[in-house]
Amino acid sequence: MSSVTIAGVVKAYGDRRVLDAVDLHVADGSITSVLGASGCGKTTLLRIVAGFVRADAGSVTLGERVVEDGRTAVAPDRRGVGYVPQEGALFPHLDVAGNIMFGIPRGERTTSRLGELLELAELPADLAHRQPHQLSGGQQQRVAIARALAPAPRVILLDEPFSSLDAALRISAGKAVTRVLRHAGATALIVTHDQGEALSLADQVAVMRAGRFVQVDSPAGIYERPADAETAEFVGGASMIAAEVSGGIARCVAGAIPVAAADGRVRVLIRPEQVLLGPAAGAAVVGQVTEVGFYGAQVVVTLALADGTPLTARAPSARTPRPGDEVGVVIEGSAVTFGDES
Ligand SMILES: Nc1ncnc2c1ncn2[C@@H]1O[C@H](COP(=O)(O)OP(=O)(O)OP(=O)(O)O)[C@@H](O)[C@H]1O
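Thresholds applied
Residues numbered from 1 in each chain as written. Predicted model: local features only at pLDDT ≥ 70, side-chain atom pairs only at ≥ 80, totals over all residues. Core = buried A, V, L, I, M, F, W, Y, C linked by C-beta atoms within 7 Å. Buried ≥ 20, exposed ≤ 12 C-beta atoms within 10 Å, placed from the backbone. Helix = DSSP H or I, 4+ residues; strand = E, 2+ residues; numbered from the N terminus. Domains from an automatic or database assignment. Contact = placed C-beta atoms within 7 Å. Near = placed C-beta within 6 Å. Nonpolar A, V, L, I, M, F, W, Y, C, P; charged D, E, K, R; others polar. Pairing = 2+ DSSP bridges. Axes fitted to C-alpha atoms, helices over the stretch in contact; angles between N-to-C directions. Parallel < 35°, antiparallel > 145°, perpendicular 65-115°, else oblique. Left-handed = near helix turned anticlockwise from the far one by under 90°. Expected span 1.5 Å × (residues − 1). Arc of directions from axis to C-beta.

This part covers the nonpolar core. Among the nonpolar cores identified, the biggest contains 90 residues, and Val49, Ala146, Ile156, Leu157 and Val268 are the most heavily contacted of them. Broken down by element, the residue count for this core peaks at six residues, all from helix H4 (residues 137-149). Residues from two domains meet in this core; each of domain 1 (4-233) and domain 2 (238-339) gives at least three. Not counting chain neighbours up to four residues away, the residues in contact with Ile156 comprise Gly82, Val84, Ala148, Leu149, Leu181, Ala186 and Ala188.

Right, here's the structure in full:
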């Protein structure tokens, strides 16, 4: 497999710049997810790496080989890139074996190669002669990945690979696909608009907004140290509360929270799992429950603090408060801050 280096890639459709000087490096054998809202340019970037769309400027390099720049445009089938389109898109008239072996030269389509690919994709051998419509969504997805891996590509690109699966299957399919990619030692780029998927599947997450990467970091880096308030809110539950920092402590209606920020006015980011709820009696900070969302093992509780500021908490459902209840609030740990925009 090869690394992928995208440098200064620009793409416009008419007057509209869909990609605005995008840079990204994906290390050999690692998985990067490109996370962004619908229409931000993710698929366009993937299609430029695959060679289906030309960039207006910039370059794409796979390993040491430049496949796209102002002078060069290597044809898609000569790039050594495996592409898994949205919803897998298996050939409906071919069985599983036919789909998987499609990209391999005829002479190399051996039973043992098929067996290896089925095993790699965690598919039982007896599925080889089923038609695509006789498979579950997760199985279809793994056949699509086995098909993309079959010609031993340098890089594998996956465009919203789980968008057609229901929520429960998405998690197990996601885990299985990551295992398959890791086992194959694949360098992979996965496009998704689902933050849970992006954070859980990849070594690196590239957050895209309006044709630019606003942050490229490890999943923990994105969640714990988001580059801006919009990214913070995009990747998880977030309450933004106005505070005054003095000597490394942000004082706000939710209490006093350690921060790494200079003195002055800021907004602090409080994640729901940092908010501990307890009895109101004797608590330094008290909130009133305005809403409770039940998610099985956990509840998401929205509170109004003393001045009406909303604060969201995640709590075990065994201790569910009710709307109207007064609860004590403690913020655990330190917080990230952003500029004051009030
Ligand atoms: N061939 C095209 N001609 C004109 N505009 C296009 C073309 N392809 C994409 N666009 C526009 O470029 C923008 C980015 O599209 P793209 O498909 O890259 O976004 P995306 O982030 O992948 O979105 P989604 O998650 O909805 O697939 C969109 O506004 C889209 O309408």
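Moving on, there is more to tell.
The next point concerns the site of the ligand. Taken together, the neighbourhood of the ligand is formed by Tyr13, Val18, Gly36, Ser38, Gly39, Cys40, Gly41, Lys42, Thr43, Thr44 and His193. When residues in the shell around the ligand are grouped by element, the largest group, three residues, is from helix H1 (residues 42-50). Classifying every residue of the shell around the ligand by side-chain character gives three nonpolar, seven polar and one charged.

The strand order E2-E1-E4-E5 describes an open sheet built from four strands, whose pairing is antiparallel. A strand with exactly one partner marks an edge of an open sheet, and here the two such strands are strand E2 (16-26) and strand E5 (65-68). Neighbour to neighbour, the strand axes of the sheet diverge by 30° on average, direction disregarded. Pairing of strand E4 (residues 57-62) with E5 involves three bridges; the strand directions are antiparallel. Bridging from a neighbouring strand, Leu62 pairs with Arg65 of E5.

With that settled, the discussion passes to unusual backbone geometry. Although it is not a glycine, Ala21 sits at a positive phi angle of roughly 60°. Position of Ala21 among the secondary structure elements: in strand E2. A residue is classified by how many C-beta atoms lie within 10 Å of it, and Ala21, with 14 of them, is partly exposed. Even without being glycine, Glu160 reaches a positive phi, approximately 45°. For Glu160, a count of 20 C-beta atoms within 10 Å translates into the label buried.

Let us now look at the packing of H4 against helix H5 (residues 167-183). Remark: H4 packs on H5, axes separated minimally by 10 Å, with the N-to-C direction vectors making an angle of 25°. The angle between H4 and H5 places the two elements in the roughly parallel class. With respect to the hand of their crossing, H4 and H5 are arranged in right-handed fashion. Contact residues: H4 offers Gly137, Gly138, Gln141, Arg142 and Ile145, while H5 offers Leu169, Ser172, Ala173, Ala176, Val177 and Val180. Taken together, the residues that form the contact of H4 with H5 break down as six nonpolar, four polar and one charged.

Read from one edge of the open sheet, five strands run E13-E12-E11-E14-E20, paired in antiparallel fashion. With partners counted over all chains shown, the strands left at the sheet margins are strand E13 (255-258) and strand E20 (336-339), one partner each. Strand-to-strand, the axes of this sheet are offset by a mean angle of 45°, without reference to chain direction. As paired elements, strand E11 (residues 239-246) and strand E14 (residues 264-270) share seven bridges and run antiparallel to each other.

Once that is clear, we can look at H5. For H5, built from 17 residues, the straight-helix expectation of 24 Å at 1.5 Å per residue is met to within 8% by its first-to-last C-alpha distance of 25 Å. By the burial criterion, the buried members of H5 are Arg170, Ala173, Gly174, Val177, Val180 and Leu181. Looking straight down H5, one finds that the buried residues subtend no more than 130° of arc, so they occupy a single side. Opposite the buried face of H5, by more than 90 degrees, sit the exposed residues Ala168, Ser172 and Lys175. Its buried side turned inward, H5 meets strand E3 (31-35), helix H3 (111-120), H4, strand E7 (155-159), strand E8 (188-192) and helix H6 (195-201).

Within the secondary structure, Phe338 is located in strand E20. Along the sequence, Phe338 and Ala227 sit 111 residues apart, while their C-alpha atoms lie 8.9 Å from each other. The residues touching Phe338, leaving out its near neighbours within four places in the chain, are Asp228, Ala229, Val266, Arg267 and Leu269.

What follows is about the domain arrangement of the protein chain. The extent of an interface is frequently quoted as the accessible surface area lost upon association of the parts. What the domain assignment lists for the protein chain is domain 1 (4-233) and domain 2 (238-339). Centre-to-centre separation of domain 1 and domain 2, based on C-alpha positions: 38 Å. Taken together, the six residues of domain 1 in the interface contact six residues of domain 2. By residue class, the composition of the side of domain 1 that touches domain 2 is three nonpolar, no polar and three charged.

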